[in-house]
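Architecture and fold: a report
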Amino acid sequence: MMIQGKTVNAGVAEGEAIVTKMPFNFILDLDIHSGKVKSGHELKGQALTNKIFVFPTGRGSTWGALMAYESLLRGTFCKGMVCTEAEPVIGAVAIMLDVPMLHRLTVNPVDVIKTGDYIRMDATRGLVEVIKRV
Amino acid sequence: MIKLTDEQQRMYQGERGPGVQQAMTILVKYGNAYDAERMIRVDSTHTPPAFNLDFLTQILTGVSQVKAISSLHMTRICCTRWAGTVGVVPELAESACQAHNEGLDLFRKAGFLETFTCVPFLTENTLRPGMVFSWSESSAIVAGNSIFGARGNRDSAPIALSSAITGFTPEMLLHKPENRHAELLVELEGLDVTSFTDADLGAIGFYIGSQAGDKIVAVTGFAPPLSYEELKYLMTPMAVSGAVALCHVVGVTPEAPTLEAALGGQSPRATIKVGPSELKQAYDALNTAKSDQVDTVLFGCPHATISEIQKIAHLLAGNKLRSGIRLWVLTADVIYSLAKRSGYVDVIQEAGGLVITDTCISDRFYGLYGLKEDLGVVATSSGKSAAYHTRATQVHYGSTEACVASALTGKWRE
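All figures in this text were calculated on a predicted structure; none of them were measured in a lab.

**Some points on the overall build of chain A**
Within chain A, the secondary structure is distributed over three helices and eight strands. The C-alpha radius of gyration computed for chain A amounts to 13 Å, which stays within 12% of the reference 14 Å derived for 134 residues, consistent with globular compactness. Taking the principal axes of its C-alpha atoms as reference, chain A extends roughly 35 × 30 × 25 Å. The burial tally for chain A puts 61% of its 134 residues in the buried class. A fraction of 68% describes how many contacts in chain A between residues 6 or more apart in sequence connect residues 24 or more apart. In the form shown here, chain A has an accessible surface area of approximately 4,800 Å², with 53% of it arising from carbon and sulfur atoms.

Quick look at the structure:
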């Protein structure tokens, strides 16, 4: 399956998808040392590290980019992000970290992509390829 | 794609130095992601000082003076002059303060104001209707848009910093009057609005945020006037459980003289009711304590105003905190000066409490970093603070009066 979206930050990434329908905050919800999601979010205990993170939008604090940057430096951050609508705080995370990110896709990514699907994203061209897990 | 003026193009091409180029590149990407067509002047910025030092050094290279009034957000408690009083771990404090001081040196050279507060509009970084601001602090953004009628998006730290460096920000989302109309209508029902405590307002806001996501909200049913403090308690939690950047309180806030004005003549995309059961739902989410034990009472999230400090001082006057209980009131240093001169700081200290400046009582990873002692069971009248502390400890959430009473007895009573 190929989906078209709008570039937030250009670049190419591929990896396993980790998907949530719950808005995310990179300061409250991410443990920058382990790359795992903290309690209080439905992904609790799962790692974002080296995955393609698919989520609807952000919530809460506007500080997320600074914590996400520390996660990137520690090698625990995700490889790429796909959002339904990246509210500005979330968009700025991708831009500051220079991590590929798309939003405003032709279909809602959190509905059609499942955790474990393999994703190839070309955020420069605005393309997400979803290879369903068999 | 965003169109740049000649001057903006020079910044983008690097003719104004590498730092300015990096900042303009960030802003161009940001603008393109949200369909901005041009850059506009920014009147005010507010930035956390907590940047990675290498990143900060790079982006401030060659920046001798920020292009708009620019204030700094709170820092770590172990880097404030209160560190000795509250007790911090020396090794943690040492490295944190070194990073803080090196960053501060860079900010100072670039002309940032050392406000160290989450309420820049209560210091010298004030807003008027129509002004364009680029701030990183969710509670200040919803206040700036809603209470002061200025225009800003949920610009996180790198965006606010880049706007300060270039003096420009991409025109998008809430900068445009046509994008400022309410999408979610909230009707209060079955609640006595004249008897709300600060905690009731916060609970309502926390519930609304959970339903609103990033939508623009209009709330009906309040009897004007509402004070800044009442609006702050209502709106701050909307940017915790949700990502609300603009909340019109009909008949109260500047862009909502009427419901029609708040909605821009359109029908709302959704309407919800908030009554006693929704209020209880929010209280239940924020009240996680399993016993009546209280160890630490926290006020000032967002930073307390002089009126709030005055109220706490009056409640504490002539009393003593129960032995072993902490009571901290967080505020901005300029407000502290007034509170000190007015005698409130002394009253709070004589009771055993502390007024602390320049830091944050809610953010355990940053603001409270380096504290030697665990805070134990927390009591607060701040919906935001309660929500943050429920992640790590047990919380009592209730009115300022109930919180002060609990500090005197050591027991929480509804």
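**Thoughts on the pairing of strand S3 (residues 69-72) of chain B**
When a strand is regular, its side chains alternate between the sheet's two faces. Residue and element names in this part refer to chain B. With four bridges connecting them, strand S2 (residues 44-47) and S3 associate as parallel partners. Opposite His46, over in S3, you have Ser71 as the bridge partner. The parallel pair S2 and S3, bridged by helix H3 (residues 53-59), forms a crossover whose chirality is right-handed.

**Thoughts on the interface of chain B and chain A**
Accessible area lost on assembly of the parts is the figure often given for the size of an interface. The interface of chain B with chain A comprises 36 residues on the first partner and 34 residues on the second. When the two sides are added together, the surface that chain B and chain A hide from each other amounts to roughly 2,800 Å², 60% of it contributed by carbon and sulfur. Per-residue buried area on chain B facing chain A is highest for Tyr34, Arg154 and Arg391 of chain B; these three make up 24% of the total on that side. At the boundary of chain B and chain A, one finds five salt bridges.

**Considering the side chain of Asp198 of chain B**
Counting through the fold element by element, Asp198 of chain B comes out in helix H8 (residues 198-212). With sequence-adjacent residues up to four places away left out, Asp198 of chain B is seen in contact with Tyr233, Lys311, Ser381, Tyr397, Ser399 and Thr400 of chain B.

**As for the sheet that holds strand S7 (residues 217-220) of chain B**
Within a sheet, each strand pairs with its neighbour through backbone hydrogen bonds, oriented either parallel or antiparallel. Residue and element names in this part refer to chain B. Judged by pairing direction, the sheet is parallel, and its four strands sit side by side in the order S8-S7-S6-S9 without closing on themselves. Both edges of this open sheet fall to strand S8 (247-249) and strand S9 (270-274), since each of them pairs with a single strand only. On average, each strand axis in the sheet is inclined to that of its neighbour by 20 degrees, with strand direction left out of account. For strand S6 (residues 184-188) and S9, the ladder comprises five bridges, and the chain directions are parallel. Across the sheet, Glu187 pairs through a bridge with Lys273, a residue of S9. Set on the sheet, H8 makes contact with S6, S7 and S9; between it and S9 the angle comes to about 155 degrees.

**What to know about the packing of aromatic side chains**
Applying the stated rule across the entire model yields 19 aromatic pairs over all chains. With centroids separated by 5.5 Å and ring planes inclined at 45 degrees, the aromatic side chains of Phe26 of chain A and Phe77 of chain A adopt a geometry described as tilted. Placement of Phe26 of chain A in the loop between strand S3 (12-19) and strand S4 (52-55) and of Phe77 of chain A in the loop between helix H1 (64-73) and strand S5 (80-83) is noted, with a sequence separation of 51 residues between them. Taking the relative accessible area as the measure of exposure, Phe26 of chain A reaches 1% and is therefore buried. Seen from their ring centres, Phe133 of chain B and Trp135 of chain B are 4.8 Å apart, and the 50 degrees between their planes marks the pair as tilted. Per residue, the accessibility class of Phe133 of chain B equals that of Trp135 of chain B, and both read buried. The ring of Phe365 of chain B carries the charged tip of Lys38 of chain A above its face, separated from the ring centre by 3.4 Å. For Arg81 of chain B, the ring lying beneath its charged end belongs to Tyr336 of chain B, and the centroid distance is 5.5 Å.

Criteria and cut-off values
All residue numbers refer to position in the chain's written sequence, counted from 1. All chains are assigned letters beginning with A, and all ligands numbers beginning with 1, in the order in which they are written. It should be noted that, the model being predicted, local features are given only for residues of pLDDT at least 70 and side-chain atom pairs only at 80 or more, the latter also being counted only at that level, while totals for whole chains, interfaces and linings use all residues. Hydrogens and water are ignored here; the side-chain numbers use all heavy atoms of the structure. We count a stretch as a helix when DSSP gives it H or I for four or more residues in a row; a strand needs E for two or more, and each element gets its number in order from the N terminus. As defined in this context, the radius of gyration uses C-alpha atoms, and a globule is described by 2.2 Å times the residue total to the power 0.38. Here's how the labels work: a residue is buried when its accessible area is under 20% of the maximum for its type, exposed when over 50%, partly exposed in between, all with a 1.4 Å probe on protein chains only. Should any heavy atoms of two residues lie within 4.5 Å, those residues are counted as being in contact. All accessible areas in this document rest on Shrake-Rupley with a 1.4 Å probe, and a residue is counted as covered only by the protein chains that are shown. Pairing between strands requires that DSSP locate at least two bridges from one strand to the other. Looking down the strands as they point away from the viewer, one classifies a crossover as right-handed if the path from the first strand across the helix to the second runs clockwise. Buried area, as used here, totals the accessible surface that two parts lose on assembly, with accessibility defined by a 1.4 Å probe and the loss added over both. By convention in these notes, a salt bridge is any Lys or Arg side-chain nitrogen within 4 Å of a carboxyl oxygen on Asp or Glu. Here an axis means a line fitted to C-alpha atoms, over the contact stretch when the element is a helix, while the angle between two N-to-C directions is reported on a 0 to 180 degree scale. Stacked, edge-to-face and tilted are the three classes for Phe, Tyr and Trp ring pairs, Trp counted by its six-membered ring, which pair at centre distances within 6.5 Å; planes under 30 degrees apart are stacked, over 60 edge-to-face, the rest tilted. Distance and angle both matter: a charge sits over a ring if NZ of Lys or CZ of Arg is within 6 Å of the ring centre and within 35 degrees of the ring normal.

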